[in-house]
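# Secondary and tertiary structure notes
Listed here are the chains, written in short residue letters.
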Amino acid sequence: NLFSHSLIETPGIDIQSSPSSSTVGNVYSRKNGDKCNLAPVIDKNVLDCLDTVSECSQSSVGSTVINMPSDSERELKIQCEMMKKTIEVLTNKLKVKNAQIYRLKKKARCLSISRTSFVNVLLKNKSTAVKSFVKMQVHHKKRSKWTTDEKDLALSLYYRSPSGYQFMLKKLHFVLPSIRTIQFWLNIDKLRTGLQTTLVKKIAQKATCMTEMEKYCVVMFDEIILKKELQYNQGEDMIEGYVDLGSLGRQAKIATTGSVFMIRGLFHNWKIPLCYYASNGPIPGATLSKLIK
């Protein structure tokens, strides 16, 4: 029914329909009865319908082909799925490790508490120096402040023998303040005329590590000539270079003589300066006796 066959009739030719549905028409010759097939003639409207159907089918097929994922997209999807599974596995492992870290930290806190209590029991009835030394080796951390007892112990060891202190620090690797820290503690920036209490305290610290023979000493004093000069001390906000006798006061005269008092060992070679004064010429006897007292 889709096709309308327009067959051109020619003289001497009979046209009969074939019983077969596959053939359009059969032509027989009147003379010899030969059979021949005629090509069907298709109507124009039918051709337009066929073109429309073919265009629709092509567009639908094209859209289907365009929407189909390419090989690279399929590979990316597979990789994404694999990465998701890997992330899940690693997340679970991380949770397990965090739980282990938490348990280990808890055990470490318990151990530190028990270690502290053990050290306290061990150091019971011990001297302050022994307690300070052991705590320095066990509990002291880098860049943390030294306690007063630790400072006193380190200074006494350094006073006793600087070379021995250096040997303990660098060769034996004991936890002790560095040499530079010791020198910073011994440094006195604001040294004024007269007897200084900070200097007396340092001498007392040194005396704690001396033997009885080392403690025998003598007080000495001497005078030197000074150059006449005035300087402004910005830290103290004062002009230096005038006569200054410490507790006996200052005078409006330029100092020309400096007097230094020191103590020196009798049986061992050590000396420590005590104080100094600035005067205009030698100090008079009455004033000198007051300074010595």
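Residues numbered from 1 in each chain as written. Predicted model: local features only at pLDDT ≥ 70, side-chain atom pairs only at ≥ 80, totals over all residues. Heavy atoms only, no water.

- Labelled according to an unreviewed UniProt entry, the chain appears under the name Transposable element P transposase-like RNase H domain-containing protein, originating from Photinus pyralis.

### Describing the nonpolar core
- Ranked by internal contacts, the top residues of the largest apolar core, which has 15 residues, are Y165, L176, I182 and W185.
- If you list the elements that add at least two residues to this core, you get α4 (148-160), α5 (162-170) and α6 (179-186).
- Residues within four places of W185 in sequence aside, it is in contact with W146, K151, A154, L155, P177 and K202. (Core = buried A, V, L, I, M, F, W, Y, C linked by side-chain atoms within 4.5 Å. Buried < 20%, exposed > 50% of the residue type's maximum accessible area, 1.4 Å probe, protein only. Helix = DSSP H or I, 4+ residues; strand = E, 2+ residues; numbered from the N terminus. Contact = heavy atoms within 4.5 Å.)

### Structural notes on the pairing of strand β8 (residues 250-254)
- Where strand β7 (residues 242-244) and β8 come together, three bridges link them in antiparallel fashion. When the sheet's bridge partners are listed, V243 is paired in β8 with Q251.
- Following β7, the chain reverses through five residues before pairing antiparallel with β8; G246 in that reversal takes a positive phi of roughly 70°. (Pairing = 2+ DSSP bridges.)

### Structural notes on a nonpolar patch on the surface
- On the surface, M213, Y216, V218, M220, L266 and F267 cluster together into a nonpolar patch covering about 580 Å² of accessible area.
- The topology assignment puts M220 in strand β4 (residues 217-225). (Patch = residues over 30% accessible without salt bridge, like charges linked within 9 Å, V, L, I, M, F, W, Y side chains within 5 Å. Areas by Shrake-Rupley, 256 points an atom, 1.4 Å probe, with all protein chains shown as cover. Salt bridge = Lys/Arg side-chain N within 4 Å of Asp/Glu carboxyl O.)

### Some points on the packing of α4 against helix α7 (residues 197-208)
- Look at α4 against α7: their axes get within 8 Å of each other, and the N-to-C directions meet at 70°. In this view, α4 runs roughly perpendicular relative to α7, as classed from their interaxial angle. Between α4 and α7 lies a crossing of right-handed hand. For the pair formed by α4 and α7, the contact residues are D152, L155, S156 and Y159 on the first element and K202, Q205, K206 and T208 on the second.
- Tallied by class, residues from the contact of α4 with α7 come to two nonpolar, three polar and three charged. (Axes fitted to C-alpha atoms, helices over the stretch in contact; angles between N-to-C directions. Parallel < 35°, antiparallel > 145°, perpendicular 65-115°, else oblique. Left-handed = near helix turned anticlockwise from the far one by under 90°. Nonpolar A, V, L, I, M, F, W, Y, C, P; charged D, E, K, R; others polar.)

### Looking at the UniProt feature "coiled-coil region" (unreviewed entry) in the chain
- In the UniProt entry, the feature "coiled-coil region" (unreviewed entry) is given for residues 73-107.
- Strand forms 0% of residues 73-107 and helix 100%; the C-alpha atoms that close the span are 51 Å apart. (UniProt positions renumbered as here; feature names shortened; annotations may be inferred.)

### Looking at the packing of aromatic side chains
- Summed over all chains, the structure comprises five aromatic pairs.
- Relative to Y277, the ring of F261 lies with its centre 5.8 Å away and its plane at 90°, an arrangement referred to as edge-to-face. With F261 in strand β9 (residues 257-265) and Y277 in strand β10 (residues 271-279), this pair connects stretches of sequence that are 16 residues apart.
- Here F261 falls in the buried class, since its relative accessible area comes to 5%. (Phe/Tyr/Trp six-rings, centres within 6.5 Å; stacked < 30°, edge-to-face > 60°.)

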